Every structure is written in C-alpha cells, then in structure tokens.
Amino acid sequence: MVAFLGVQRVRCHETYLGLPCYSGKNKKGLFSSIRDRVWNKLCSWKSKLLSVGGREVLSKTVVQAIPAYTMSLFKIPLSLIRELHQLYLRLFNRAILAKQAWRIHTQPTSLAARVLKGFYFHKSSFLQIKANSSSSFVWRSILWGRELYKQGLRLKIGSGQDTYIYHDYWLPRDGVFKISSSQVLGNFEKFSSLITTTGVWDSTLIRASFHEDEADAILSLPLPRRTTPDTLLWHYNKSGHYIVRSGYWFATKSRSVSSSSTVSLNSWWKQF
C-alpha cells in the first residue's frame, strides 16, 4: 500500500485530522493546542469592531465552538475547560477594573476618588501607591486594574517644557513610549528643545539625534502649543480616554510586563 500510494511510512502520527492519535498520563498537555487556538483567536480581533457586550458574546461563542470537534470524541479535562474560560474572563475583568482606575485618576474631585484618597493615598499618588495589609478587597481589585491602565499611559505633548526627552514616556508608538535611541542630547534635555525659536521642528537636530523610526514619529506630532501643559493620555484610543474595549484589546496583546520594565515604569510614576 505504501509503495502503491507513494507515501512514507511512519511509526505513529501525533495527530490526525487535528485530533491526538494516542494519549499518555498528561491529558491537559494533550489538548494544549485548543487553548492556543482560543488565545490566538481572541488576540486577532480589532477592538474598534465590537462593543463591550458584543466582544463578551463572541468570546463565549469562540470558547465553546473551537473545542467542539475534539469534545465529540474526547472528554476534555476540567482544568482545561476552566482555563479556556479564564483566558477571556480574567482579561475582561481587568479591563473593566482599569476603567475604575481611569475615573479615579482623571476625576480626582469626584466623591469616590476623594473617599479613596482619604483612606488609601492621601500622602501619595494614585499611580504610585501600593496595597498594604489593611487594603480592602475592592481597593486591591482597583489597583490590579490600574496596572493595566498604567501600561497604556503616555504623555501628550503640550508646550513640551515639562517632558524630559530621555526619561519620560511620550513617544506615540505602540508598546514602547520611551526613546530607545542612544543619548546624544543632554541627559535632562526637555522636549521643547526640539523646536526652533521660530516655532517649527528642528528637523536637522531630530534626524541627527534619533533613529529613523523615532524621528518620523516625533515629526508626525502636531507642533506643541506654548501655553498648553503636557498631560497624560491613554494611548490606545484616539480621544485619549480609556475605554474598556481598548483596554481588553491591549490586555490580549501584552499579558505581562517584564520585571525590568515594571521597575522603570514605577520609578517614572513617582512624578505624578
């Protein structure tokens, strides 16, 4: 038969038609491809296409539909079923809590923000404060959501006089808001130094001081207004406001931040 069909003979296929051909003791590992397929599908959606409710419905549909073929022949381990649901529920949960963090940060005079500040961060910044042993479950939950919110924050340049070129997070580029080019200008050079006395970009200085992609990103920015202060915004929404669906999309793209990045970000937040 092998000679007639002109195919190779192998001892054993790991999968056939997408299903495992044999199983060992590790049943969860046997079906790990299902988890990967669900995760890849969740990551492929564009946030602008769906409302929060629509995304939740579609998430549940995908979680149920992708393993259906395998479930028609195998009993899926309960631990894997739980993990499939956690893939989207945990991120969706965090995106919603990040909305509460955004409200506290951007509406400091609201009743909720003032009450929480009096209890938990009256001597510190909301973006920098850490939970302690007396923190309530609600407060710990908000801080968990805040970490997602912080990862998408960058400075919107106004006058440029309050932003350090090499130390602050301001570059309008997905994922990395801090300059990565080798330092050419002064250590504490302000963003405003990239503008000439006539109020236009110093393109010669910018091209000579930064990588091509970073120079292009800088020159794509609108020229700063001299009287407008530099402010924080949520990068992943055109309005600069945090919305749940953009937070969920961002969470699927970056589930974790390296410890070195976390330390760097935390030190930066001390200014705010």
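Refer to the structure presented above.
One structure accompanies this document, and this report is about it. For clarity, every value in this text was computed on a predicted model and none was experimentally measured. (Residues numbered from 1 in each chain as written. Predicted model: local features only at pLDDT ≥ 70, side-chain atom pairs only at ≥ 80, totals over all residues. Heavy atoms only, no water.)

**Re the overall build of the protein chain**
Alright, step 1. Along the backbone of the protein chain there are 12 helices and four strands.
Alright, step 2. Looking at the protein chain residue by residue over its 272 residues, the buried ones come to 38%.
Alright, step 3. Long-range contacts, defined here as pairs at least 24 residues apart, represent 63% of the contacts in the protein chain between residues at least 6 apart.
Alright, step 4. In the form shown here, the protein chain has an accessible surface area of approximately 16400 Å², with 55% of it arising from carbon and sulfur atoms. (Helix = DSSP H or I, 4+ residues; strand = E, 2+ residues; numbered from the N terminus. Buried < 20%, exposed > 50% of the residue type's maximum accessible area, 1.4 Å probe, protein only. Contact = heavy atoms within 4.5 Å. Areas by Shrake-Rupley, 256 points an atom, 1.4 Å probe, with all protein chains shown as cover.)

**Things to note about the layout of surface pockets**
Alright, step 1. Approximately 440 Å³ is the volume attributed to the largest pocket.
Alright, step 2. Lining the largest pocket are 23 residues, and of these Lys 156, Ile 157, Leu 221, Pro 222 and Leu 233 lie nearest its centre.
Alright, step 3. Those elements that place two or more of their residues in the lining of the largest pocket are β3 (153-156) and β4 (231-234).
Alright, step 4. Ranked by the residues each element gives to the lining of the largest pocket, the list is headed by β4, at four residues.
Alright, step 5. For the lining of the largest pocket, a count of residues per class yields 11 nonpolar, eight polar and four charged. (1 Å grid on protein atoms, 1.4 Å probe; cavity = no way out; pocket = protein on both sides within 12 Å on 5 of 7 lines; lining within 4 Å. Points joined across faces, edges and corners; volume = space filled by probe spheres on them. Nonpolar A, V, L, I, M, F, W, Y, C, P; charged D, E, K, R; others polar.)

**Description of the pattern of salt bridges**
Alright, step 1. According to the stated counting rule, one finds five salt bridges in the structure shown.
Alright, step 2. Through salt bridges that share partners, Arg 146, Glu 147 and Lys 150 make up one connected network. (Salt bridge = Lys/Arg side-chain N within 4 Å of Asp/Glu carboxyl O.)

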